[in-house]
Amino acid sequence: MSTLPFISIVSINWNSIRDTLELLASVYKSNYPKSKYEVIIVDNGSTDGSVKKIKSAYLKTRIIALKQNIGVSARNKGFREAQGEIIVTLDSDATIGSNTLSSIAKKFYNDPSIGILGVKILNKKTLTSEFSPMHVNFFTGMVSTLNPDTLSTNATFLPFICSAIRKRVLKKIGFLDKAFFFYGEDFDFCMRIKKNGFRVVYFPDISVFHGKNKAISALPYSIVYHHYYKGLFRNIYKYGNLIQKLSVTFFQLILIPFYRLLFRRENTFGMRWWGF
């Protein structure tokens, strides 16, 4: 590359100061020129003193402090402020390698058709692959992981744990849908990217590391379950045809919960219908 693109790194923090400081430490150890990237942390109404601690530890980090938790659409606040040609989304419990930003910039340079780029996500403890790239069956609503060791251009979506987006794509398709509070925004965003003629590409030769967000893990399982299915149904009903919508409704609201009740003694009817 003759000229390195400017990169904006956008992450949400919500009562996860330890994770966020670890993320920032990994970013600022990057071999990408410091004059060629910025870091934006959107604080989602934290009550653990996160904003003050981030400011104290990393003066160069831009912080957008929100008064309350508005969910994953808080990323939009960072996207609006981002100056980069490339925007890298990172969850607060993720960390990157020294070459991650350089590798991402090179992939975009080599292929102008890429709208969003995904990377291999490795568990911090086990170093096993998790989450990416993702495939959604539009007839059952089941979500699965494609081969993480193979380049993919046919994933349904790439998790925002770490994804890289061209700024001009945002200008064309718009920001994240505020209707998604916790899950489903990456699914919807990737579908919109495809519909606007850009490619969704997963690269297994770039890796990031992913932990377990303690603040999210502390939430009641019923809340997590609710938002997961709310996001799933919203996307299926937005992008599926009539047969797919009816099929997913039957599988997710009747067949699967009945199976779990009969064979696992787990009653998930209420949480699924709550999400619906």
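Treat the numbers as computed from the prediction; the structure is a model and nothing was measured. Counting restarts for each chain: residues are numbered from 1 in the order of the written sequence. Note on the predicted model: pLDDT of at least 70 is required for a residue's local features to be given, and 80 or more for side-chain atom pairs to be given and counted; whole-chain, interface and lining totals, by contrast, use all residues. Neither water nor hydrogens contribute to the side-chain values; these are computed over all heavy atoms in the structure.

Section: the overall build of the protein
Next, step 1: Starting at the N terminus, helices and strands are each numbered in turn, a helix being any DSSP run of H or I of at least four residues and a strand any DSSP run of E of at least two. Assigned secondary structure in the protein consists of 10 helices and 10 strands.
Next, step 2: Each principal axis of the C-alpha distribution contributes one length, and for the protein these read about 55 × 40 × 35 Å.
Next, step 3: A simple rule labels every residue: compare its accessible area, found with a 1.4 Å probe on the protein chains alone, to the largest value its type can have, and call it buried under 20%, exposed over 50%, or partly exposed in between. For the protein, the proportion of its 276 residues judged to be buried stands at 52%.
Next, step 4: Excluding contacts between residues fewer than 6 apart, the proportion of contacts in the protein whose partners are at least 24 apart in sequence is 74%.
Next, step 5: Computed by Shrake-Rupley with a 1.4 Å probe, the accessible areas treat only the displayed protein chains as cover when residues are assessed. On the protein, roughly 13,200 Å² of surface is accessible, and the fraction owed to carbon and sulfur atoms is 57%.
Next, step 6: We score Asp and Glu as negative and Lys and Arg as positive, and we do not count His or the chain ends. Just so you know, the charge point we use is NZ for Lys, CZ for Arg, CG for Asp and CD for Glu. Within the protein, the 18 negative side-chain charges are centred at a point lying 3 Å from the centre of the 38 positive side-chain charges. By definition in these notes, contact holds between two residues if any of their heavy atoms fall within 4.5 Å.

A few points about the environment of Phe 203
Next, step 1: Summarising the element assignment, Phe 203 is placed in strand β10 (residues 199-210).
Next, step 2: With relative accessibility at 9%, the residue Phe 203 sits in the buried group.
Next, step 3: Separated by 85 residues in sequence, Phe 203 and Gly 118 have C-alpha atoms that sit 6.1 Å apart.
Next, step 4: In contact with Phe 203, other than residues within four places in its own chain, are Lys 107, Ile 114, Leu 117, Gly 118, Val 119, Lys 120 and Leu 151.

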